Every structure is written in structure tokens, then in C-alpha cells.
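What follows is each chain in one-letter form.
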Amino acid sequence: MECCCGLLTAEKQPVPLKGIEVELEVKDHVATVVSTLHYDNKEDKAIEAVFVFPLPGDAAVCHFSAKVGQTEIVAEVKEKQEAREEYDDALSSGQQAFLLEESEQSSDIFSLSVGSLPPGESASIRLEYIIELAVQADDALRFCLPAVLNPRYQPQGSEGGGVQVTSVPASQVPYSLSFSARVSSPRQVSKIDSNCSLEPLQYLNAEQSQAVVKLAAGHKFDRDVELLIYYKDAHQPAAVVEAGQVSAKPGTLMGDAVVMLSLYPEFPQAVMSSLASSGEFVFVLDRSGSMDCPINNTKKSETRISSARDTLLLLLKSLPMGCYFNIYSFGSSFEHIFPTSVEYSEKTMEEALKKVKEMQANLGGTEILQPLKHIYNQPCIPSQPRQLFVFTDGEVGNTKEVTSLVKKNSTSHRCFSFGIGEGASTALINGLAKEGGGHAQFITGADRMQPKVMQSLRFALQPAVEDISVTWDLPQGVTAIVLSPPLTAIFQGQRSLIYAQLTGQSSEAKDCFVTVKYNLAGHPTQNQIPFTLQPTEETGLTIHRLSARTVIRSLETEKNNYDLMPFMEREDKKEEEDGVKQKVVELSVQSGVSSSHTAFIAVHKGESSTTQGPLLRQIIPVPSFRNMPQMMCMRSMPISPPNGFAGPPPACIAYADCAMGGEMDDLDEEMCYGWTKEIVAPSPPPCMDPLLELVSLQKASGCWPLVKALAAAMEKTSEEVEKPKPAAVSKDVWATILALIWLHGFKADAQDEWQLLAMKAVSWLCAQKASCVAECVAAGNTLLGCEVTKDTLGI
């Protein structure tokens, strides 16, 4: 199939973006990222280059500047419409101008406009942002540099326009990327892993607390760049105080000192060993067409939908008896297996598994709002806390509508979210978990979905943390104004951050304390963190800007919540929205941190001349990770500027990879006219993984039946399995002990995936009060060639 890509305009003119340099500096768990974009105009006329690209949704973008020749122009933050008008005025006057703005629909998409770049001229754009790094299941800190931006689906009737993306196949991106990282911590840097090829790690001191690493040459834009940073003895509670900005007014966020608290709760082992046996578990699965894409770029990679089906199998087998559950799936429409959540039993589990096996990525676009509304309209079940698990590749355009809905219903449930594949929206996945008091996970590269999802299920089964309160013991004259939203969830082994503004002064040299109190399974618990008011050196204004970002995001969510109040008078709603917007703009300008209502604007006010005729507008493509296994379709098409961004329609035609995933399901024959289709015969279904095969045989109660399929899963015949069974032991007890021995003996490396269902099996065995258990374990070890002890099995 002939491939048209986005390297040239209709007049065969080259794309002006030549390269991107990224420098990452990590101090403990906070990362500062500096990206430099190099532009070069080889045309014989002035151009305007527009580049729509992804950034982490929770990043605080805090600096934007341009260097043209030897002149550097530092951008200012202004109200968005004011910045757009200043940009347009500059272009019409023949001046060079640069505009950076955040999408109004999703905080993880930005548009960079480089205007009136003269013929033969070069420009370098410097963009800086700060972000907190999330803690992973194995205690690593995860940094992700988004490199892939997939088209976002905009449901009909959603407010605002969708974010349209000019994209090319990832292997044909016309610009290069260089990436280097410097990591420092009070503790030793144990190692740094990545999904991309890295040069060898270099330590900068004898303590190995500082290190640098670089991306190996030849990086292809076929994946996001992910770093996993491991510290020795990591994640201790800490408080960092940062002095206010000298030029800022005292009493303001930027003028006062700010403290960042990092909480790492350790719950008592006795409490953690008793997982909850109740709850309403609602699983929400994305079945849009893009879920048929592979999880990563390897030829043998399984598809997103098949991995999600396998994960639902593990989840359903791991649920506790006595809980309730339901499964929703969505695309352009949505479905649910049961009208309302049902009690978990062998019958309901088998009925659900049968439906899960039939699920395909065939429901069209990605409209997640309606199924969420349907779930929230269902009454909660008494004494069964609602836990929502959302699986999606995150390619939606109405992110803020979705997260606002989750926040509105946050008191009635917890939401755990999973971003599947390259390019999943960080704003959506992190936003769902943050507003829903849950936990977010991303599955990319060679990641397996199952262990990450099972970790979240363990979080959901942890005893609920209730009555959370934060108290401050400060010197007289100093007051703490908490800037973070109230803590609604605390999980074992996960970091919680609290930002607070310290206003006032005191001459008292007194130690300060922050005490976090909560009830855990009925037990009053508290964690106390000591600190001093002495500012930490060499932090710049990092913590202030992260604090400002936190407040800005909270205000933006508050503004979006007014859209969910249909009974509020229109004039009152507009007045409230305008008031919140004004607060956002004021704080954004004061702190220099971007928002959805402001933009960075830089104008080079040197010699200028009025531009004759329209500028040549060039849309710069980003990599899109799409590989439709059954149908690939490409066409040349006019590219419109992303809705929500400034600028007139482009004066050129770009060529884009238009494998639009599930969106193709909505196209009729007339709309498909002109598309080149290549039909690829589907490959035969792969054999089931032995672990999943064994798990699929477990009963809802936790036991395994002694059947031929169980013997086959363990690579034995039925006679070989049945013959050594002690006469006094039932078939189910014998089969269950064999299954547990096999899991410990052959699948110990995947224990995160089967630990919960094994605990359920052990509980079932203990309830049977079976005799000859030790004899069964010895006979099972002999049969399977293992050496698993009775204590290891927990029976």
C-alpha cells in the first residue's frame, strides 16, 4: 500500500521543525523538564508553523522563550484572548511572534505557533515544565515524556470542539529527538530502566546519589519515552519548605513561603492481612475501534482489547464472595451485562465471563460520559462501597467534562483508571483517579496489564481510610493555608502530597509538626512529620509553581462543575464561572504557570515590515501510534487547526495517517470514498497462556474442580493427576492444593497476578477442615516436581 505521510505541504515544502532537545532534571520525586525546539525556514517567504503536541496533563508549564539569531525573547503569561489578539497584531505588523496555549478541552495537549519566521531564518523555542513523579508498584518513580499523540474522539453534543491532530506514521516523523536526564537524591540511585534504548548509566559521585543517562542514538517516535527511577530505601515521609519570591507581595501565594508534604503511610500488617470481603465492583471497558490496536509496536504484541479481556478474567476470579459487581463496555454507545449490579456467585461469574469472551473492539468511537452517567444514576448498595475500574486507551476529546462528572460523584465511589497503549491521555487517566479518590496506572511498551490492575484491586480491597484530618503545629504568628484539595484516599505504599502556604512571621525557633489522623478499619491511626521553617536551598520556585498548578486545576474543575448544574439560572451560572475564571487568570499570571484560560505570548519587537499577503501556514505533524490489524486506510486531507486554538485555516494540505480506529465504524460508504483499503486476513487466535488457562477453571468460591482441563493446564494426564490423590481427601480439595502448588512452583514470578485468587483458595481450604493436608502437599510436590512447603501455601 502506498503511504502518504505528513512530511511535505501540497507545494512539496519541507516541515520547518528540525529537532527537539529534552533535558530532564530529577530531584528526589520532582522533575524539571526543559525542551528546546529548533525551527529553520528554508522557504523564500515568511512562514507560520503550528505544532500541536502532548505534555503530561498534570505538568506545571512555567517558562516559554524564543531565541532568534542572538536575541532572546521571554514570553509573558496573559489572558488567552488578549494573547491571541497580540499575536495576530504582531503578525499583521510583520513582527515575529510566538504563542503557546493549552487546549480548553484537555490539559495534556498544547499548541505552539511560531509566526512570521523570515526566509532563511532560524529560531529556537525553549519550553520548561515541572511535574511530580508517580510511585509504581515496585517503588520506582515513573517519568513519561509523551511523544505520541493519537487523534481524540469528540462525542456529538459535547461542549467545545474536538482536538484534531495532524499526524504521520510514527516511523516517518521528520524531526529528531535527543534526551538526557540528571537524577539526584539524598539516597542512592539504584538503577534507571526505560522502555527505550539508553546509554550506560553514569554516576557523578562516590555515594551514587547523582547520575546521568541519555537516550541512545536513533530513537524512533513509535513510543512515549518512559524512565523508571529506583532509589535505595526510597519514599520516606518528608517536608520541604521553599522561600517566597522576593519581588512578590507578602500574603500572596508567590510572596509567602510554601511547604510540600510527602506522605507515605505504612499500615499495620495485622490490618492489611484482612482484605475487605464486601464492595460493589463496576468494571468499565473501552470497546472503541482503537482498542484493536496492539499495546506496543512489536509485531507479536497482543491487542489492547485482548489484554483487557484476560485482565477481566483475573479480576472476576479474584473478587471476594459476598460482593456485588457489573461490567459496562462502551464505544459510540454502551452496554452492561446486568441491568444492575448483582451478587457475586458461581452463576453470575460464569455468565459474565461468557459475555467477556465475546467482547470485541466494535462499538465505534470513545464516548465514556454516558456510561458513567448511567452508573452514577444507579443507587449505591448499602454496606457495599462502590469501586469503579475504567479501562481505556484514553483517546477522548471531552476530558474535562468526564473528570468533572467523576468529581461531582466522588463521595459515592472510588475510581481506578488504566491507560492502555502509547498516547493514552494523561489528563483523562490521572484525572479520573484523582477526582475519584483512586489510583491511576499506565500500560505501555512491554508492560503486562494484569499485575498493574491487580495492584489496584488490592488497593480497592484495603480497609477504607476514613475521617482524614490534617493538623499543624506551628510557631505563634505563622498560619498554614492548605492549597491542595482535601485528602479523600490514602493507600498503603503510595505517596500523598499536601501543599500549604505559610503566611505570617515568627521569631520563635521552634520545630514544626504536621499530623495526619485517620481511622483504619476502626483503628485510630496517625502519621506525624517534623520540619523547620528554614527554607530548603536550590529549589528555585519549583514548589510554588507546583502549588499554583494545584490551585489552578482545582479552580478549573470548579468552573467545569457549573456545567453539570442544569437547574442553576443562566445568569448566576455565568457570573460564578466568570468569577472562577478571573481567579485562574490572576494566579496564572502571578505565578507564570499555564492554564486553560491563559497563554504564553512573546513578540520580537525589532525591525518589522508589513506582511504582504497571507503567511504560509505549516502544520507540523506528531507521531500517531496506530496499526489497525484488519483495515488500514489513508488519504490526503485538509487539516484544520485544533478547535479551541487560535488561528485561521491553514493555507496548505498536510498528509496524515488516518487509521482512525473505532471512528471508522461510524463512516458510511460515501464518506469512505477515496480511501485506500487493505484487507488483512485475521490470524488464528493464539493459545491461552497456561496461567490464564488454570485460573479460568477456578470456581467463584475459590476451589478448583478435578477435571481433565486442569490436568492439561499442568501438562499432565487425568490418570496422572487422579492416581496419587489420598483416599480420605475430596477431589476439590486435592485439585485446589495441586493448583496452589503449581502456581507457587511454576508462576512465582507472576504472583502479583494470582495472589488474591490464591488467598481465596486458601480461605476455602481452611473452611473445609480437610484431613491429610500435609500428605496432599507432599504427594502434589512429587507429582509436579516442586518443593513448595505447606507454610508457603498458607494452609
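Each residue is numbered by its place in its chain's sequence as written, counting from 1. In view of the model being predicted, local features appear only for residues whose pLDDT reaches at least 70, and side-chain atom pairs are presented and counted only at 80 or more, with totals across whole chains, interfaces and linings using the full set of residues. Only hydrogens and water are set aside; all other atoms, that is, all heavy atoms of the structure, feed into the side-chain values.

J.: Hey, could you go over the overall build of the protein chain for me, with residue numbers and the actual values?
T.: Helix and strand counts for the protein chain stand at 17 helices and 37 strands. Residue contacts follow a heavy-atom distance rule, with two residues in contact if any of their heavy atoms lie within 4.5 Å. Of the contacts made within the protein chain by residues no fewer than 6 positions apart, 76% connect residues no fewer than 24 positions apart. If you sum the accessible surface of the protein chain, you get close to 33300 Å²; carbon and sulfur atoms cover 50% of it. Numbering of helices and strands runs from the N terminus, with a helix taken as a DSSP run of H or I at least four residues long and a strand as a DSSP run of E at least two residues long. Areas reported here follow the Shrake-Rupley algorithm with a probe of radius 1.4 Å; residue values treat only the protein chains shown as occluding.

J.: Outline the sheet that holds strand β29 (residues 496-504), listing residues and values.
T.: Pairing between two strands is assigned when DSSP locates at least 2 bridges connecting them. Strand order in the open sheet formed by four strands is β18-β19-β29-β28, with antiparallel pairing between adjacent strands. Here the strands that pair on one side only, and so sit at the sheet edges, are β18 (238-242) and β28 (478-482). Across the sheet, the mean angle separating the axes of adjacent strands is 25° when strand polarity is ignored. Strand direction decides the pairing type here: β18 and strand β19 (residues 257-263), joined by five bridges, are antiparallel. By the bridge assignment, Val240 is partnered in β19 with Met260. Between N-to-C directions, angles cover 0 to 180 degrees, with each direction set by a line fitted to C-alpha atoms, over the stretch in contact for helices.

J.: Residues and numbers for the packing of helix α3 (residues 304-318) against helix α4 (residues 346-357), please.
T.: Running from N to C, α3 and α4 cross one another at 175°; their axes reach a closest spacing of 10 Å. In terms of axis orientation, α3 runs roughly antiparallel to α4. On α4, the residues touching Arg309, Leu312, Leu313, Leu316 and Lys317 of α3 are Met349, Glu350, Ala352, Leu353, Val356 and Lys357. Among the residues forming the contact of α3 with α4, the class breakdown is seven nonpolar, no polar and four charged. Here the angle decides the label: under 35 degrees means roughly parallel, over 145 means roughly antiparallel, 65 to 115 means roughly perpendicular, and every other value means oblique. As a working rule, the residues Ala, Val, Leu, Ile, Met, Phe, Trp, Tyr, Cys and Pro are called nonpolar, Asp, Glu, Lys and Arg charged, and the rest polar, with Gly in that last group.

J.: Would you mind going over the sheet that holds strand β10 (residues 134-135) in detail, with residue names and values included?
T.: Reading across the sheet, the four strands line up as β10-β11-β17-β14 and stay open at both edges, with antiparallel pairing between neighbours. For this open sheet the edge positions go to β10 and β14 (189-194), each flanked by a neighbour on one side alone. Across five bridges, strand β11 (residues 141-145) lies against strand β17 (residues 225-231) in antiparallel orientation. Considered in β17, the bridge of Cys144 is made with Glu226.

J.: Explain the pattern of salt bridges to me, using residue names and the numbers behind them.
T.: Any Lys or Arg side-chain nitrogen found within 4 Å of a carboxyl oxygen on Asp or Glu counts as a salt bridge. One pass over the structure, following the stated rule, counts 22 salt bridges. For Lys78, the salt bridge is made with Glu86, and the minimal N-O distance between the two is 2.7 Å. Here Arg553 and Glu102 are joined by a salt bridge, their closest N and O atoms 3.5 Å apart. In this pair, Arg553 is assigned in helix α9 (residues 542-561) and Glu102 in strand β7 (residues 96-102), connecting sequence segments 451 residues apart. Accessibility classification places Arg553 together with Glu102 in one group, the buried group. Three or more residues are tied together by salt bridges with common partners; here these are Lys80, Arg84, Glu101 and Glu104. Exposure classes here rest on a 1.4 Å probe applied to the protein chains alone. A residue is buried below 20% of its type maximum, exposed above 50%, and partly exposed in between.

J.: Give a description of helix α1 (residues 80-92) that names residues and reports values.
T.: Each α-helix winds once per 3.6 residues, and so residues spaced three or four apart point in a common direction. Every helix has an expected span of 1.5 Å times one less than the residues it contains. Between the first and last C-alpha of α1 there are 19 Å, a value that for 13 residues agrees with the 18 Å anticipated at 1.5 Å per step. Along α1, the residues that are buried comprise Lys80, Ala83, Arg84, Tyr87, Ala90 and Leu91. Looking down the long axis of α1, one finds its buried residues gathered within 125° of arc, a one-sided arrangement. For α1, the elements touching its buried residues are β3 (47-54), β6 (76-79), β7, β8 (109-117) and β32 (598-604). Within 3.5 Å is the distance limit for a polar contact, defined as a pair of N or O atoms, with the added protein rule that one can donate a hydrogen and the other accept it, and that residues adjacent in sequence qualify only through two side-chain atoms. Among the residues of α1, the N-terminal cap falls to Glu79, whose side-chain oxygen and the backbone nitrogen of Gln81 are separated by 3.1 Å. The first or second residue beyond α1 is Gly94, which carries a positive phi of 80°. The arc under discussion is defined with respect to the helix axis, by the directions toward the C-beta atoms.

J.: Which residues make up the pairing of strand β24 (residues 386-392), and what are the values?
T.: Along β24, seven of the seven residues are buried, which leaves the element largely enclosed by surrounding structure. Where burial is concerned, the two faces of β24 agree: the one with Arg386, Leu388, Val390 and Thr392 and the one with Gln387, Phe389 and Phe391 are both buried. Sheet analysis places strand β20 (residues 280-286) next to β24, joined by six bridges and oriented parallel. Within the sheet, the bridge partner assigned to Phe283 lies in β24 and is Phe389. Where β24 and strand β25 (residues 413-420) come together, seven bridges link them in parallel fashion. Across the sheet, Val390 pairs through a bridge with Ser417, a residue of β25.

J.: Tell me what's going on with unusual backbone geometry, and back it up with residues and numbers.
T.: Phi at Gln208 is positive, roughly 55°, even though this residue is not glycine. Checked against the element boundaries, Gln208 lands in the loop between β15 (202-203) and β16 (210-214). Of note, Asp467 is a non-glycine position whose phi angle comes to about 55°, a positive value. Structurally, the position occupied by Asp467 is in strand β27 (residues 465-473).

J.: Report on the packing of aromatic side chains, specifying residues and quantitative values.
T.: A pair of aromatic rings is counted whenever rings of Phe, Tyr or Trp (Trp by its six-membered ring) have centres within 6.5 Å, and the orientation is called stacked for planes under 30 degrees apart, edge-to-face for over 60 and tilted otherwise. Counted according to the given criterion, the structure contains 13 aromatic pairs. Their ring planes at 25° and their centres at 6.4 Å tell us that Tyr328 and Phe334 sit as a pair that is stacked. Considering the side-chain rings of Phe389 and Phe418, the 6.1 Å spacing of their centres and the 15° angle between planes classify their relative orientation as stacked. On the criterion of sequence distance, the pair formed by Phe389 in strand β24 and Phe418 in strand β25 is long-range, its members being 29 residues apart. You'll find Phe389 and Phe418 in the same group, each marked buried. Two conditions define a charge located above a ring, namely a distance within 6 Å from the ring centre to NZ of Lys or CZ of Arg, and an angle within 35 degrees of the ring normal. Looking at Lys191, its charged tip hangs above the ring of Tyr230, at a distance of 4.7 Å from the centre.

J.: How would you explain a negative patch on the surface if you had to name every residue and give the values?
T.: Think of a patch as exposed residues, more than 30% relative accessible area, with no salt bridge, where like charges cluster within 9 Å and nonpolar side chains (Val, Leu, Ile, Met, Phe, Trp, Tyr) cluster within 5 Å. Neither His nor the chain ends is counted toward charge; the positive residues are Lys and Arg and the negative residues Asp and Glu. Where a charge sits is defined by one atom per residue type, namely NZ (Lys), CZ (Arg), CG (Asp) or CD (Glu). A grouping of Glu82, Glu85, Asp88 and Asp89 is seen on the molecular surface, where their side chains present a negatively charged patch. Residue classification places Glu82 among the partly exposed positions, given a relative accessible area of 42%.

J.: Can you explain the environment of Ile295? Please cite residues and give values.
T.: Within the secondary structure, Ile295 sits in the loop between β20 and α3. Linking Ile295 and Glu422, residues 127 residues apart in sequence, is a C-alpha distance of 7.2 Å.

J.: Break down the nonpolar core for me, citing the residues and quoting the values.
T.: Only buried residues count toward a nonpolar core, which is a set of Ala, Val, Leu, Ile, Met, Phe, Trp, Tyr and Cys residues joined through side-chain atoms within 4.5 Å. Grouped together as the largest cluster of nonpolar side chains are 84 residues, with contacts concentrated most on Phe281, Phe283, Leu316, Phe391 and Trp704. Not counting residues up to four positions away in its chain, the partners in contact with Trp704 are Leu694, Leu697, Gln698, Leu710, Asp732, Ala735, Thr736, Ala739, Leu743, Leu757 and Ala761. Counting 56 residues, the second-largest nonpolar core is a separate cluster that includes Leu24, Phe53, Ile73 and Tyr175.

J.: I'd like to hear about the environment of Leu145, residue by residue, with values.
T.: Relative to the assigned elements, Leu145 resides in strand β11. Between the C-alpha atom of Leu145 and that of Phe179, which follows or precedes it by 34 residues, the distance is 9.6 Å. Residue contacts for Leu145: discarding those within four places in its chain leaves Val22, Tyr129, Leu177, Phe179, Asp224 and Val225.

J.: Would you mind going over the confidence of the model for the protein chain in detail, with residue names and values included?
T.: Here the protein chain shows a mean pLDDT of 81. Residues at 70 or above account for 81%. pLDDT under 50 marks residues 160-164. Its contacts with residues more than four places away, or in other chains, come to 14 contacts. For the stretch residues 625-684, pLDDT sits under 50, and the model shows 143 contacts to residues farther than four places along the chain or on other chains. The predictor rates its confidence in each residue with pLDDT, a number between 0 and 100.

J.: So, helix α8 (residues 449-461): which residues are in play, and what are the values?
T.: In this model α8 runs 19 Å from its N-terminal to its C-terminal C-alpha over 13 residues, within 8% of the 18 Å that 1.5 Å per residue would give. The buried fraction of α8 is high, at twelve of 13 residues. Buried within α8 are the following residues: Met449, Gln450, Lys452, Val453, Met454, Gln455, Ser456, Leu457, Arg458, Phe459, Ala460 and Leu461. At its buried positions, α8 is contacted by β20, α3, β24, β25, β26 (440-443) and α15 (751-768).

J.: Quick one: what's the story with the packing of helix α14 (residues 731-746) against α15, residue by residue and with numbers?
T.: Axis separation between α14 and α15 bottoms out at 10 Å; the angle between their running directions is 150°. Considering their axes alone, α14 and α15 lie roughly antiparallel with respect to each other. Between α14 and α15 the crossing geometry is left-handed. Facing Asp732, Val733, Thr736, Ile737, Leu740, Leu743 and His744 of α14, the residues of α15 in contact are Gln751, Trp754, Leu757, Ala758, Ala761, Val762, Trp764, Leu765 and Gln768. When its residues are assigned to classes, the contact of α14 with α15 shows eleven nonpolar, four polar and one charged. For any helix crossing, the convention is left-handed if the near helix is rotated counterclockwise from the far helix by under a right angle, and right-handed if that rotation is clockwise.

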